[in-house]
Amino acid sequence: MNEILEAIKKSAVAIKALIETGDTGKSDNENSTGDTQLKLDIQSDIIIEDLFAQVASVKAIVSEEQDEIKNVNADGEYLIAYDPLDGSSLVDVNLSVGSIFGIYKNDFTGDNLVAAVYVVFGPRVELVIATDEVKMYRLLNGDFHFMQKIVLNPKGNLKAPGSTQSCWPDHHKKMVDDIFNDGYRLRYSGGMVPDLHQILLKGGGLFSYPGTSDRPKGKLRQLFEVFPFAYVYEQAGGAAIDGHQRVLDIKTEHIHDTSPCFFGSNVEINRVLEVYKEHAK
Ligand code: AFP
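Every value quoted in this text rests on a predicted model; they were computed, and no experiment measured them.

**Focus on the sheet that holds strand 14 (residues 239-241)**
The strands making up a sheet are joined through hydrogen bonds of the backbone, oriented either antiparallel or parallel.
Turning to step 1, where the next piece is worked out: Read across the sheet, 5 strands follow the order 12-11-13-15-14 without closing on themselves; strand pairing throughout is mixed. The open sheet has two edge strands with one neighbour each: strand 12 (185-186) and strand 14.
Turning to step 2, where the next piece is worked out: Relative to strand 15 (residues 261-264), strand 13 (residues 205-209) runs antiparallel, the two sharing 4 bridges. If you follow phenylalanine 207 over to strand 15, its bridge partner there is phenylalanine 263.
Turning to step 3, where the next piece is worked out: Across the face of the sheet, helix 4 (residues 192-201) comes into contact with strand 11 (158-161), strand 13 and strand 15 while running at roughly 155° to strand 13.
Turning to step 4, where the next piece is worked out: On top of the sheet, helix 5 (residues 222-235) reaches strand 14 and strand 15; it is set at about 25° to strand 15, its chief contact.

Structure below.
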């Protein structure tokens, strides 16, 4: 596992430099989800793939930016699903973005996840590693230095309301309105990584990207985005659901499947479960 973490650290240093100087323009390609790929998406993906190809313990990888799983080392132990530069469309307005890694054993399924890692490229570059606990590191003079452990409070006060509000189901709209009426602060940049990082560091709250009339199965991808952050939130003492169940219990049918998702402190997640259970009656 350490070889993998060192490769991720190297990728972060290289992608930081790419973000600072790279072309933020669009490529001529689309990814499997139909998103137009930015040149930064493709270049970040190449950086990460080349680094993982040198790690003996990596058996296979799959990128949000590529259609298929790639075999790396037949004798490898780990499978890695990653989003090389989530929120890349925010780079050209100078907002924070990130890389997300899910480290699996045996199969790319939620119950086989054994670790999760993400990198936040913001005013500072920070690396969060979730194994049996969640630890944050900061890039200082070219090296990552341990800064703190991350633990969520039982209840927070931040709310990140994702997706197109005009497409929200009525029960979801009422729930979000009620949360803000209870005094929660709106914190949403459109970048999953910084938005979830902020809630983790500021003690808790709720990030939601529900199923909507335009995207009944949500937008965020299970293997590359939802499962890794669900692992981080659970290891930090919080929870992650699809409105009804743990997202890590969801059965993935295709590697690019999406899922409605809610990440947060336990009080907020229980509030979602109650609202969605009541609606399901
Ligand atoms: P891009 O990678 O296309 O910028 O999308 C970012 C993202 O996948 C995720 O980082 C955000 O949480 C989510 O989309 C924001 O989606 P909405 O703009 O629909 O809220």
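**Re the nonpolar core**
Turning to step 1, where the next piece is worked out: Grouped together as the largest cluster of nonpolar side chains are 44 residues, with contacts concentrated most on Phe207, Phe229 and Phe263.
Turning to step 2, where the next piece is worked out: Formed jointly, this core draws a minimum of three residues from each of two domains, domain 1 (2-149) and domain 2 (158-279).
Turning to step 3, where the next piece is worked out: Among all residues touching phenylalanine 263, those that are not within four sequence positions of it are Met192, Leu196, Gly205, Leu206, Phe207, Val226, Phe229, Ala230, Tyr233, Ala239, Ala240 and Ile269.
Turning to step 4, where the next piece is worked out: One finds Val55, Leu85, Ile103 and Ala115 within the second-largest nonpolar core, a separate group that totals 34 residues.

What counts as what
- Residues numbered from 1 in each chain as written.
- Predicted model: local features only at pLDDT ≥ 70, side-chain atom pairs only at ≥ 80, totals over all residues.
- Heavy atoms only, no water.
- Pairing = 2+ DSSP bridges.
- Helix = DSSP H or I, 4+ residues; strand = E, 2+ residues; numbered from the N terminus.
- Contact = heavy atoms within 4.5 Å.
- Axes fitted to C-alpha atoms, helices over the stretch in contact; angles between N-to-C directions.
- Core = buried A, V, L, I, M, F, W, Y, C linked by side-chain atoms within 4.5 Å.
- Buried < 20%, exposed > 50% of the residue type's maximum accessible area, 1.4 Å probe, protein only.
- Domains from an automatic or database assignment.

Taken by themselves, the reported measurements are silent on function.
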